[in-house]
Amino acid sequence: MKLNKIAQIIGTDNKNIADVEINWLFTDSRTLTFPGESLFFAICTSRNDGHKYIAELYRQQLRYFVVSKIYPEFSEMSDAVFIVVKNTLDALQKVVEQHRKNYNIPVIGITGSNGKTVVKEWLYQLIHNEYSIVRSPRSYNSQIGVPLSVWALNENTQLAIFEAGISEPHEMEKLQPIIDPSIGIFTNLGDAHQENFHSLKEKCDEKLKLFKNAQVLIYNSDHKLVDISVIQSEFKGKIFSWGTGEKCVLQVTELKKRADKTTVSLRYKHENFKVDILFTDNASIENALQCVAAMLYLNYSFEEISHRLLQLETVAMRLEVKEGNHNCLIINDSYNSDLNSIVIALDFLHQQATSKKLFRTLILSDILQSGLSSNELYKNVAKLIKRKNIQKIIGIGPEISKHAEKFSFITNSFFDDTEHFLQSTLIRDFNNEIILLKGSRKFHFEDISAKLEMISHETILEVNLNALVENLNYFRSRLRPETQVVCMVKAFAYGSGAVEVARTLQHHRCNYLAVAVADEGVELRREGIRIPIMVMNPEKNSFGLIFDYNLEPEIYNFRLLDAFVTAAERLGITDYPVHIKIDSGMHRLGFEKNDVMLLVDRLKNQQQVKVRSVFSHLAGADEARFDTFTMQQASVFTQCADIISAAFPHHIMRHLLNSAGIERFAELQFDMVRLGIGLYGISTLPKVHLKQVCALKTIILQIKDLLAGETVGYSRKGIVNKTKQIAILPIGYADGFDRKLSNGVGEVLINGKRARVIGNVSMDLITVDITGIEATEGDVVEIFGDNITVSEISKKLDTIPYEILTSVSRRVKRVYYQE
């Protein structure tokens, strides 16, 4: 679409706007790929403001911007085009709504509380042979994600599949004209995003607005509230209900679960047929039947549906980082294989590679159904990987191999198929590389991943980097835009893994990191972390490391101040940044109020250190009963900080608030805040549900049946009073599973059901009672996560969440992922 046409659509004067073709719309400044063809929408949210990144984008040669405010520095960008609107998000949606009107094709719109992404991906797997399909990348179903997805429609698109999610009333009204589906699928209704709706019925009615103009609506009428809402909505199109009821268009007459599959008997238009679904969990069965209904509407035969269902593969919902052989990192992403998803994956690779200083390798298959000619497609891919600084490409597939010459600027190899690559010597030659696997499903890149990865661990700590960022943005939303954030990554980032967490925080523009001791900061510097790092407990024998790695120490008494000044003086160092700690009432480390005048005198009579900030620590910000004391601390701190600030000409930052303080005392945010446990998913406010960043998981090693009178574990503490079935799990107190959780105190989650610990917790193993739970050896077990929370376990142990998180030992493998 032409830039002047875009300006006309959003209602601004387009007389002086160039007649330039815009192929890329984006809202995240870090995803700029093709500056000459891109338009940036500076979105303002409660947590961020896109206008802050315009100067940076301008330096990267971008010239086209949609903005809602003009900053003084914009006047210096003489060749930039600023399209000024009242609301940039509304403008983005309006542009794409107009773009959608250009395409008279079948569009499948999917909404519901769960299953949207799986249904979308499975439908793609099932019908992509007949259609050139555009679909939402990953889970792009938000007010921003939907228009960015729909923008991908092009003249070669024959069918589109888009998902839509909402979190509050009136949002679907904005998404409906952008997607404007002709075929609607309502997956199900649950509690997700319920906090902004008065009832499930209100949320259901809001979701149904997506199908205002749809020709057909597919849904499971066994969900009675959904069924009632559909009837009351006076939907004007065709109803395609499915379920167990006799009046359903597609009736489920029988469902039989076996060990490895589910056989479903169905009746449609007075004919009976059966399908086998290679999944046994209820969610997957329901998702698959949504797809069956859609395929029937699209006139696929019973035989073809049954055959294709056997080819369904699990949808990988996230980008995972795993350790490979020979000091390699493997990023496996075969979720989507199109230009948009490649951009997302390459940004993630860039984030990982920059810090680790690893050689950047892309293994890429043929890209199917891009809507572009083969020549144009791989020309764009080559431009993309050049901009993202990829150093080696391995192309797999006949189409990409035909365009090998386009990748002559980097190290390259090409193979007709995955099997030939696996038989080559290249599979053994990777060393000190970060390798992104990006392949269409037919190329079976899981075989490559299996060859490259190290032996997998049975007990792992999953770390959700998206959740970490969401929590960071939640706390940012409670602060002024100019307030800086220090993120605490001490104690191995509260057990999450300091390097990967710090890398993610740096990527998302955290201002400072804080560690406990210098060694922790050194590790981060060696891994490429560039942002400032505070050392909260500097030791005298670590001063050399602090200077060498540009770390900034906390100074809390005169002995430490004198020693640090002396060490700096010996090295001829001046104006080294330090952070002065005030003891405002917690009575741990820090200068007392009575010390401050002498402290100022000592600081003024030396040149070796320069005060970067002054701070203190609240003792009870998380408890209302201590609020008076908290305000007393704030008063003491302010008096001390005023004295120090008045003594020096430069600005000295102040910070007092921890995670609880940010939530409960935002008026005391000063220049900076320190975000600790809140970053990892623990909130002080009862109605705030932060994202769980960590999930500790293991598997079932063995299942046994025991008779009444038998015992389990050391000291025979686990007494079986009736016939029971038990499962043995490879986790123990050496991994962080506390021994106090022995003998029925602790629980784990197996296939959606809780199982109590039976007997004593051992160093490496625990045993749980699975009587009445359907389980098999190898099943995944949640120790803590979304269902059994860290807070729940800490209450059982009469401790705090910090201890649970930091107790997960380093022998437990950390697996990082981005959804």
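Residues numbered from 1 in each chain as written. Predicted model: local features only at pLDDT ≥ 70, side-chain atom pairs only at ≥ 80, totals over all residues. Heavy atoms only, no water.

Trainee: Which parts of the structure should I look at to understand the overall build of the protein?
Mentor: Helix and strand content of the protein: 26 helices and 38 strands. The C-alpha radius of gyration computed for the protein amounts to 29 Å, which stays within 12% of the reference 28 Å derived for 819 residues, consistent with globular compactness. Accessible surface, the protein: about 35400 Å² in total, of which carbon and sulfur atoms supply 48%. Computing the positive centroid from 95 side-chain charges and the negative centroid from 98, the protein places the two 2 Å apart. (Helix = DSSP H or I, 4+ residues; strand = E, 2+ residues; numbered from the N terminus. Rg over C-alpha atoms; globule rule 2.2 N^0.38 Å. Areas by Shrake-Rupley, 256 points an atom, 1.4 Å probe, with all protein chains shown as cover. Lys, Arg positive; Asp, Glu negative; His and termini not counted. Charge placed at Lys NZ, Arg CZ, Asp CG, Glu CD.)

Trainee: Honestly, the packing of helix α22 (residues 596–604) against helix α23 (residues 627–646) in this entry has me stumped. Any pointers?
Mentor: Packed helix pairs are characterised by how far apart their axes lie and by the angle those axes make with each other. At a minimum axis separation of 10 Å, α22 and α23 run at an interaxial angle of 25°. Comparing their axes, α23 and α22 come out roughly parallel. Read as a crossing pair, α22 and α23 show a hand that is right-handed. Listed contacts from α23 to V596, M597, L599 and V600 of α22 are C640, I643 and I644. Its residues placed into classes, the contact of α22 with α23 shows seven nonpolar, no polar and no charged. (Axes fitted to C-alpha atoms, helices over the stretch in contact; angles between N-to-C directions. Parallel < 35°, antiparallel > 145°, perpendicular 65-115°, else oblique. Left-handed = near helix turned anticlockwise from the far one by under 90°. Contact = heavy atoms within 4.5 Å. Nonpolar A, V, L, I, M, F, W, Y, C, P; charged D, E, K, R; others polar.)

Trainee: Would you explain the confidence of the model for the protein in this entry?
Mentor: It should be kept in mind that the predicted coordinates are not to be read in detail where pLDDT is low. Residue-level pLDDT values for the protein average 92, and 98% of them are 70 or greater. Looking over the protein, one finds the lowest element-wise mean pLDDT in helix α11 (residues 339–356), namely 74, and the highest in strand β28 (residues 672–675), namely 98. (pLDDT = per-residue confidence, 0-100.)

Trainee: Just to check I follow, could you spell out the packing of aromatic side chains for this structure?
Mentor: The geometry of an aromatic ring pair comes down to the distance between the two centres and the angle between the two planes. Enumeration over the complete set of coordinates arrives at 21 aromatic pairs. On the numbers, 5.1 Å between centres and 75° between planes, the contact of F558 with F591 is edge-to-face. You can see F558 sitting in helix α21 (residues 558–570) and its partner F591 sitting in the loop between β25 (576–582) and α22, a full 33 residues away along the chain. Here F558 and F591 have matching classes, each one buried. An aromatic cluster is present here, built from F26, F40, F65, Y71, F74 and F82 joined pairwise through their rings. The side chain of R63 reaches across the aromatic face of Y58, ending 3.8 Å from its centre. (Phe/Tyr/Trp six-rings, centres within 6.5 Å; stacked < 30°, edge-to-face > 60°. Buried < 20%, exposed > 50% of the residue type's maximum accessible area, 1.4 Å probe, protein only. Lys NZ or Arg CZ within 6 Å of the ring centre and 35° of its normal.)

Trainee: I tried to follow the pairing of strand β12 (residues 262–268) on my own but got confused; where do I start?
Mentor: Side-chain direction in a regular strand flips from residue to residue, so the side chains alternate between the two faces of the sheet. With six of seven residues buried, β12 lies mostly within the body of the structure. Bridge count for strand β11 (residues 250–257) against β12 is seven bridges, and the pairing is antiparallel. In the sheet register, K257 faces β12, and the bridge partner there is T262. If you look at the hairpin formed by β11 and β12, you'll find four residues sitting between the two strands. Counting the residues that bridge the hairpin from β12 to strand β13 (residues 271–277) gives two residues, and of these K269 lies at a positive phi of roughly 50°. (Pairing = 2+ DSSP bridges.)

Trainee: Would you mind showing me how to read the sheet that holds strand β20 (residues 460–464) here?
Mentor: Pairing between the strands of a sheet is mediated by backbone hydrogen bonds and can be parallel or antiparallel. An order of β18-β17-β16-β19-β15-β14-β38-β20-β29-β37-β34-β35 is seen for the 12 strands of this open sheet, with the pairing classed as mixed. A strand with exactly one partner marks an edge of an open sheet, and here the two such strands are β18 (411–415) and β35 (753–756). The sheet shows a mean angle of 25° between the axes of neighbouring strands, direction not considered. Alignment of strand β14 (residues 319–323) against strand β15 (residues 329–332), held across four bridges, turns out to be antiparallel. In the strand pairing of β15, E323 is matched with L329. Taken strand by strand, helix α16 (residues 465–476) contacts β20 and β38 (813–818), and its axis lies near 45° from that of β20.

Trainee: What's the story with the packing of helix α7 (residues 200–208) against helix α8 (residues 224–232) in this structure? I'm lost.
Mentor: Here α7 crosses α8 at 55°, and the two axes come no closer than 10 Å. The orientation of α7 relative to α8 falls into the category oblique. Crossing handedness for the pair α7 and α8: right-handed. Residues L200, K201, C204, D205 and L208 of α7 pack against L225, V226, S229, V230 and Q232 of α8. Residue classes in the contact of α7 with α8 are distributed as six nonpolar, two polar and two charged.

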